[in-house]
Amino acid sequence: MSRQLILDAIPHFEHFLPGQAPIKDFVHHNTLHGYQHLNFPDALKASQERTGARGYELDERYRDYFKSGRINLSDLNSSLEQCNSDKESQLNIDEPIFQIGSNSGSKEFTRRDIYLQALINPLPAITACQLSWEIEEKNCLDNFQEDISPEARENILKSSTLHGKEAEKDVVKDLWSAILEQLELHHLAIHPESLLDLSAEEASRFSNSISNELGQHSQVRQESTQLFNKLVERVGKDLTLRGLIDKISGRDILNNIRPLLIHQIANYLDEGMSAWHSNQQQDGFYQVWRQSATLDSSWIFDDLPEWQDELEILPDDALDTIIVELKRIGIDESRWVKYLEEIALEIPGWSGMFLWRHLNPGYKNLTPTRVEMVDYLAVHLVMERLFAQRVCREEWQLEANLDVLRWYFHRRSSEFYVRYHLFNGKLPEYLVTHAKPLTDGGLLSPEDYPKWKEQADIIWTWKQSDNSDQDSGFSIYRSGWKLFRLFQHLGLNGSNVRTITSEQLRSVCITIANLSEEQRGLIWLQAYERNYREHFFNAVANNHQRGLWADRGVSTEESTSTIPVAQLVFCMDDREEGFRRHLEEINPKIETLGGAAHFGVPHFWQGVDDKEATALTPVVLVPSHEIRENEQPQCSLAQENHLKRVSLKERVLTWFNQGTRRNFILATVQITIGAPVALALLGCKIVSPLRSGNNLKKLNSWLSGNNGIVTSIDITAEKSTNPTPENRQLGFTTEEQADRVESFLQNLGLVSNFSPLVVIVGHGSISQNNPHLAAYDCGACSGRHSGPNARLFAAMANRSAVRAELVNRGITIPESCWFLGSEHNTCDESIIWYDLDKLPTGLKSNLQQLQQDLRDTQSRHAQERCRRLASAPKKPTLKQALNHIQGRAVDFSQARPELGHATNAAAVIGRRSLSHGTFFDRRVFLISYDYQTDPDGKILERLLLANGPVGAGISLEYYFSTVDNENYGSGSKVTHNVSGLFGVMDGTNSDLRTGLPKQMIEIHEAMRLQVMVEAKIDMLTEIYMRQPPLQELVGNGWLLLSAKDPESEQIHIFDPTSGWVEWNGERTPLPVVKQSVEWFSGKYEPLTSCRIENSSEAKL
Amino acid sequence: MSTLEELIWLVPLLPLLSTLWIGAGFLAGWNRGEAGENESSKVAIITSLLSLLLIVAIDIKALIYGIDETIIVGNWFNSGMFSINLSFTLDTLGLLMTTLVATITLLTIRFSVNYLHREAGYQRFFMLLSMFSFAMLLIVSAGNIGILFVGWEVAGVSSYLLIAYNYNRNNATKNATQAIVTNRVGDASLLAAIFFSTLWLGTLEWSEMAASELLVSESGGMQLGLISFTLILAAFVKSAQIPFSPWITRALEGPTPSSSIFYGSLMIHAGVYLVLRLEPFIENSVTASWALLTIGGITAIYGYLSALVQTDIKSTLIFSTISQVGVMFVGCGLGWFEAVTIYLILHAIWRSWQFLNAPAHMHSMSQPTAPAPIWLQRMQRLYAAAMQRFWLDQLTQWLLLRPTQRLSKDIHAFDSNVVRPIIGSSNEINVVSSLAEWEEKSAICDLESTSNSVPLGSGMFGSILQQIATLFKWIEEHLILKGGGDGMVSAIKGMESFINKVEQQLSMPRYLLLMIMATFVVIL
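Residues numbered from 1 in each chain as written. Chains lettered and ligands numbered in written order. Predicted model: local features only at pLDDT ≥ 70, side-chain atom pairs only at ≥ 80, totals over all residues. Heavy atoms only, no water.

J.: How would you sum up the overall build of chain A? Please name residues and give values.
T.: Secondary structure assignment for chain A yields 44 helices and 23 strands. A compact globule built from 1100 residues would reach a C-alpha radius of gyration of about 31 Å, and chain A, at 34 Å, matches this within 12%. Seen along its three principal axes, the alpha-carbon backbone of chain A occupies a region of about 105 × 85 × 60 Å. Residues counted as buried form 60% of the 1100 residues belonging to chain A. Within chain A, residue pairs in contact and separated by at least 24 positions form 73% of the contacts whose partners lie at least 6 positions apart. Here chain A has roughly 43,100 Å² of accessible surface; of this, 51% comes from carbon and sulfur atoms. Distance between charge centroids for chain A: 4 Å, based on 112 positive and 146 negative side chains. (Helix = DSSP H or I, 4+ residues; strand = E, 2+ residues; numbered from the N terminus. Rg over C-alpha atoms; globule rule 2.2 N^0.38 Å. Buried < 20%, exposed > 50% of the residue type's maximum accessible area, 1.4 Å probe, protein only. Contact = heavy atoms within 4.5 Å. Areas by Shrake-Rupley, 256 points an atom, 1.4 Å probe, with all protein chains shown as cover. Lys, Arg positive; Asp, Glu negative; His and termini not counted. Charge placed at Lys NZ, Arg CZ, Asp CG, Glu CD.)

J.: Which residues make up unusual backbone geometry, and what are the values?
T.: Apart from glycine, the bulk of residues carry a negative phi angle, and the bulk of peptide bonds sit in the trans form. In this structure, the amide linkage connecting Ile242(B) to the following residue, Pro243(B), adopts the cis form with an omega of 5°. Of note in this structure, Gln545(A) is not a glycine but carries a positive phi near 60°. Relative to the elements of secondary structure, Gln545(A) occurs in the loop between α27 (517–542) and β3 (566–571). In this structure, Arg389(B) is a non-glycine residue whose phi angle is positive, near 55°.

J.: How would you sum up a nonpolar patch on the surface? Please name residues and give values.
T.: Side chains of Trp9(B), Val73(B), Trp76(B), Phe77(B) and Leu86(B) sit close together on the surface and give an oily, nonpolar patch of about 410 Å² of accessible area. Structurally, Trp76(B) is set in strand β1 (residues 70–79). (Patch = residues over 30% accessible without salt bridge, like charges linked within 9 Å, V, L, I, M, F, W, Y side chains within 5 Å. Salt bridge = Lys/Arg side-chain N within 4 Å of Asp/Glu carboxyl O.)

J.: I'd like to hear about the packing of aromatic side chains, residue by residue, with values.
T.: Under the counting rule described, the total for this entry stands at 59 aromatic pairs over all chains. Taking 5.1 Å as the distance between ring centres and 20° as the angle between the ring planes, the aromatic pair formed by Phe664(A) and Tyr304(B) counts as stacked. Of this pair, Phe664(A) sits in the loop between α30 (659–662) and α31 (665–687) while Tyr304(B) is found in helix α13 (residues 286–309), placing the two residues in two different chains. According to the relative accessible area criterion, Phe664(A) is partly exposed, its value standing at 23%. Given a relative accessible area of 12%, Tyr304(B) falls into the buried group. With centroids separated by 5.9 Å and ring planes inclined at 80°, the aromatic side chains of Phe125(B) and Phe126(B) adopt a geometry described as edge-to-face. With respect to class, Phe125(B) is no different from Phe126(B); both count as buried. In textbook terms, an aromatic cluster arises when at least three aromatic residues are bridged by ring pairs, as seen for Phe228(A), Trp396(A), Tyr408(A), Phe409(A), Phe416(A) and Tyr420(A). Between Arg411(A) and the ring centre of Trp407(A), over which it is positioned, the NZ or CZ distance is 4.8 Å. (Phe/Tyr/Trp six-rings, centres within 6.5 Å; stacked < 30°, edge-to-face > 60°. Lys NZ or Arg CZ within 6 Å of the ring centre and 35° of its normal.)

J.: So what about the interface of chain A and chain B? Which residues, and what values?
T.: Every contact between the two is made by 104 residues of chain A and, on the other side, 96 residues of chain B. When chain A packs against chain B, the two sides together hide about 9,000 Å² of surface, and 59% of this comes from carbon and sulfur. When the area that chain A buries against chain B is broken down by residue, the three leading residues are Trp276(A), Phe301(A) and Arg662(A), summing to 10%. On the surface where chain A and chain B come into contact, there are two salt bridges. Residues Arg118(B) and Glu1002(A) are paired through a salt bridge, measuring 3.3 Å at the closest nitrogen-oxygen approach. Across the chain A-chain B interface, the total number found is 44 residue pairs in polar contact (both at pLDDT 80 or more). Ranked by residues supplied to the side of chain A that touches chain B, first place goes to α31(A) with 14 residues. Here the side of chain A that touches chain B is composed, by residue class, of 38 nonpolar, 46 polar and 20 charged. (Buried area = accessible area lost by both parts, 1.4 Å probe. Polar contact = N/O pair within 3.5 Å; in protein donor to acceptor, adjacent residues only side chain to side chain. Nonpolar A, V, L, I, M, F, W, Y, C, P; charged D, E, K, R; others polar.)

J.: Pulling in residues and values, what's your account of the pattern of salt bridges?
T.: All names here are of chain A. Within the structure shown, the criterion is met by 76 salt bridges over all chains. Across the pair Glu394 and Arg251 runs a salt bridge whose closest N-O atoms are separated by 2.7 Å. Pair noted here: Glu394 is in helix α19 (residues 373–396) and Arg251 is in the loop between α11 (241–249) and α12 (254–269), with a separation of 143 residues, a long-range link. Classification of Arg251 by relative accessible area gives partly exposed; the value is 25%. Of the charged contacts, one joins Asp316 and Arg290 as a salt bridge, the two residues approaching to 2.4 Å between their closest N and O atoms.

J.: Got a sec to walk through the packing of helix α5 (residues 145–163) of chain B against helix α6 (residues 170–201) of chain B? Specific residues and values, please.
T.: Residue and element names in this part refer to chain B. At a minimum axis distance of 9 Å, the contact between α5 and α6 shows a crossing angle of 175°. Considering their axes alone, α5 and α6 lie roughly antiparallel with respect to each other. Across from Ile145, Gly146, Leu148, Phe149, Trp152, Glu153, Gly156, Tyr160 and Ile163 in α5, the residues of α6 making contact are Ala172, Asn175, Ala176, Thr177, Ala179, Ile180, Arg184, Asp187, Leu190, Leu191, Ile194 and Ser197. A class-by-class count of the residues in the contact of α5 with α6 yields 13 nonpolar, five polar and three charged. (Axes fitted to C-alpha atoms, helices over the stretch in contact; angles between N-to-C directions. Parallel < 35°, antiparallel > 145°, perpendicular 65-115°, else oblique.)

J.: Explain the sheet that holds strand β15 (residues 976–979) of chain A residue by residue, including any values.
T.: All names here are of chain A. A sheet is described by the order of its strands in space; here three strands give the open sequence β15-β16-β17, paired in antiparallel fashion. Among the strands making up the open sheet, the edge pair consists of β15 and β17 (992–993). In the sheet, β15 pairs with strand β16 (residues 983–986) via four bridges, with the strands oriented antiparallel. Looking at β16, one finds that Ser979 is bridged to Gly983. (Pairing = 2+ DSSP bridges.)

J.: Tell me what's going on with the packing of α5(B) against helix α10 (residues 256–265) of chain B, and back it up with residues and numbers.
T.: Residue and element names in this part refer to chain B. Across the interface, α5 lies against α10 with an axial gap of 11 Å and an inter-helix angle of 145°. Of the two possible hands of crossing, α5 and α10 adopt the one that is left-handed. On α10, the residues that touch Ala155, Ser158, Ser159, Leu162 and Ile163 of α5 are Ser258, Phe262 and Tyr263. (Left-handed = near helix turned anticlockwise from the far one by under 90°.)

J.: Please give an account of the pairing of strand β11 (residues 818–825) of chain A that cites residues and values.
T.: Each regular strand displays side chains that alternate between the two surfaces of the sheet. All names here are of chain A. Counted residue by residue, β11 has eight buried out of eight residues, so it is predominantly covered. Burial along β11 is two-sided: Trp818, Leu820, Ser822 and His824 facing one way and Phe819, Gly821, Glu823 and Asn825 facing the other are all buried. In sequence, β11 turns back onto strand β12 (residues 831–833) through a hairpin of five residues, with Glu829 there showing a positive phi of about 75°.

J.: Could you give an account of the nonpolar core, with specific residues and numbers?
T.: Soluble globular proteins: nonpolar side chains tend toward being buried together. Counting residues in hydrophobic clusters, the biggest one holds 275 residues, and the most contacted among them are Phe98(A), Phe487(A) and Phe819(A). Look past the residues within four positions of Phe98(A) in its chain and what remains in contact with it is Lys107(A), Glu108(A), Phe109(A), Ile114(A), Phe487(A), Leu490(A), Leu492(A), Ile500(A), Gln504(A) and Val508(A). Membership of the second largest hydrophobic core comes to 140 residues, among which are Ile23(A), Phe149(B), Ala235(B) and Leu346(B). (Core = buried A, V, L, I, M, F, W, Y, C linked by side-chain atoms within 4.5 Å.)

This is the structure we're talking about:
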């Protein structure tokens, strides 16, 4: 029964373990995807409880934003009100707390005032030592706090003059003593160590103040037993045996387990890095480990005498082993699953990778095919118990079993008391020096026991004193110090404070405490999002009816003047916003559109040089069609030659790169030959990356002999074979092609007014020395390049059979119109073109003109990108900028070849006219959608369903990697070490690091994606009601939804609890510039929007 | 006017200046933060570039005109028969190695400019790279073992600091400690070599050592053997040969460029360089040759087999690196010194390239690594051993680290239980420190005030009698009456358990070892 329970539970582990695929297939996804069914704040909290990872930026970061004006007071107030409306939060912001002054000039302070102060100015608790430091070194009783505002300072000084105190020193001292008086506290400023030497008076005063019906030591015993029970109670809830042992011995056995386990897992899951694997892989990880462990002699050195015997009696089945182990530790059956979850969370990165392979059997047909999570759990459990056994033996000569430990520590409660506080509490140093030797010495004999008792008593005494941080009642270090700072910021003096009752002070303290860390985080986050939103909405409202291409002439009369010279369809990617804007600035007659860059044609792609086909599709889909690229007949000889050369090149490279690390004597030869070349490469690449990069490209192309090879793709299948992912169909039938072209053109709203040249632009990113390469590529194509999709789409749309079919469906593509596929390299801005040989001659000059415009665009866009790159030249010329950007891409010492999606903040689903001619700082996903072509909302519905999760995935991955890079992200790239080709570690023995590295997120601003849809709210409501996935994303607050009315300036904000609320924020005219560069030149921080006159108001 | 080659001291000095400059800047605060990155890296690059240019100029001069092989810049210090010159060796080996070190450090520093950008430890990193550059240049250009020893130590320290670059991580600091502790063995050995050389050869200069009469005399076998042995031991530790290898496989915690320059390309070859310098000695000592052959050979196989099972790029590279370094030692053992010199240089360059490219290795792999030979794959026991890196790691823990830790604990215990009570600053002051104690004391207080005195006597006899009576009472009370609790019985018991503990301690291997060592010292 419980066997099945465990098996059933395992797939659900993906809810809390990192779900990141092997790094070559990196795709952005919501880091907390497993919590998506919860409300955003609740999910963050749940995850924090589980993994300890923080869900919001630190207060300090937000305070910096506040100081720099990125969050203002009205944002904060509005956010407070928003949180207040949530009944559960119980903020009661308008409840008055106390009043200062008499009736005439009285001022009332509400909770809101206190919350605001607590947000803007840190009001931390302080320790005794810190207080001494503040008093003695920073003279906090003589001076105002450093961060107090000039107004507050003035207020206090002015009002104090009335009471006869003028000097700052007196005023501050008076405030401090007033607070202590009101709280009835005495600050003796005893040095903590003097507690070790209590005078008779102190001791008796002290002992009288504490009720002691039981006698002191009995109280210690009682408390200790309670603590112990509470701790053991946690095992199997949020603690493992290892955690328990760590807490009572300070010895973390994970340090012993981790390297042993990691080496085994890595070798088992390895995708081709290692040359030597176990020959038992087909039997599963558990068997591999067991065999290896039996042959292993580690136990001799690790002091694990029971190793061999234990291994012999292990069951053959992993699941049986799990059950045996759980029983041996003494975990109650009802907690087994939970315990296993906790075990998996000990090394979350590796567990996550193991689980990923478990859930994706057959991945890349890798051996071993059998990756079962139970195997991993069983091994981890056995190791945990063996090492726990060692600690228990060495420390207490006991079995590693919960019942045994319980029995032992109930008898020796003083020992537990000392251990618990030593290893978990924040004992002051002088107590640590006394307690530590006890745990080092292994005082097991009964004669030594009084030492434990004595020490337990001392700790207990310390805990009762003012010096420890007690949780109940007022204390100087918590309440006193907080109030001291608060009142200064509120501008109140000692006399004011004396008029506040102690009851009121209590409620002030409660109010401060009410604002938990998470609560503060949420308030700040909302305020921050609001600040951005206000600017964003204002820009959109300002742009109403200003942007071009609003009306595609759905009416039948088409006049040629309204047809753009070219239409370029880009990916919705936020990085393309800048590129599109610059292109439109350069040539306002060009229209740009945006869509998910799979372009509606998911397929398996096999390029002419590829050995196998890869799926170019959003990660949730598995395509059933396959497209192959072939050389054209006249090139077949050249291609054959080329392939030979490529394969030779690969063999040579493999011979050197892999041979020198794998071989033995042969490696000596290989190194001897390879070194001179390496020196030349090293020198060139380091001294002049751009030039050597370009030359290497030329050399490479010359060596591989692919110049002049023209390829084409076979896209058409004669008839449908009812394909499945396993049984793929080569090419699409005409019918299928028409379906796809129709559907994607409808998405774009591009169903009429076709330009002579329609360019579909996929994208990818090429950089060097970058394990996270896939994270920069096209998210809509599972982290690969989407150029082939662009090419495929263009080829379909150019076929006359398809066009004929489309006419039947109401889309007429004029004969003069030609589709071209291309790919934009977002790293170095270059563009590859496909199938230019098929371009009708009449359009050659159009293309040349367009290419010229694109060349200018590349430089201008490079210039804009430079402004956010710290190492780029300041105010570069166009040439410098492009050189810098291209240089970065080929520089193998660059940890930031490009900044990826960093700073993404919003998404617009609507016509380009909504955003056209406005500067959005490369922060907005632009998805084309024309409400005019979608009366029943079907198109919008599929757009939201397809693009919502993609946008949310990118934005939320950046969000979480930014707010807690240590836990949700993968830390700094500089110490990364690629393991098994599937992930990165820090150094050689760490957990697998998932999420984004620090270098990708350092300029990111963590906020949720602001999705604006240009549609009628009624239609949106209908769609929302129909679609549970949208209810989850939007209703739970993972995305922020708003709607811009297509016909008016009105903008509505969607509030999941109360529905649509009209936005009535401040509208201010935007600054106007002629070109983007005027706006961003010389500025390195995030920028608000401006209007670009040139492109929006140009006469056509 | 000094000749060009007499400026050789500038070659190591320049990077040292850079270290000091960056360090001073950081202390004074002028190069902190992102704004200070540019200056720090520029200083490091310019000094290394100047070093390189200078050594290249000297190379060219040496090639065209020839130069003195030994340059004595000055005298470091004299003390009796012991003297160390500030001398440099500019023979072919010295020049080649110095040029190599200067080139690779310059390239690595340049590489790090972008790579380390925006790291919190940026300045620290460049300071340490410069410091390492100083150390390595000193090692390879030193004219005597004394100067070499300085470089040897500084290299060790900078390596320690860079392994612990990410000092927030437990693993990093722990591995750094292991590295430096292991390296102490080599350092001690090098010191011993200095001692023996001074004693028997009367010089530390490479050139004079090579020309020593001992080399040709019949009787000097023992002495020569010891000198070579100590130097070779030092070389084995620095080049991570068996059984000292584990420190280097755990040293890859720092940023990629530091892994590259320390463990991939330069420092690991320092040991080989030292052995190359010993050419005349080794040619005269069959034992030394055998030591090199055996240890080098075993390490080469160890590295090869372990590299096969590694799955992370840095580990596989480091294992194959120590394997190749093992091959170099074998080469030295066979007497192929010139070939080894050339291979050392090529190997250093190749590994530097490979380590710097390590993050991209996964993308350059067009196919999985070729599987190990079939005959090897069958040997599962060997596989298990390779997976555990032949237990060297645990073995060193067991033999080196843990005894050291225990020793320090014992010393601590000795300190607090024996030394402190004697010198009076007892840490168990007789005061009330807990409420429970207070409770107890106040209960006892009442009793003591009444029972602790004997009837008063009068006069001299009376008072003497009284004194005696008090003494007896004290004896009775403390030693006999209180029996079970804190009287004589327990005192005796306590003594017994103390003796037991001493005996137990003494029977532990580390003390046995200490005693044996002490005996040796006495005998010698």
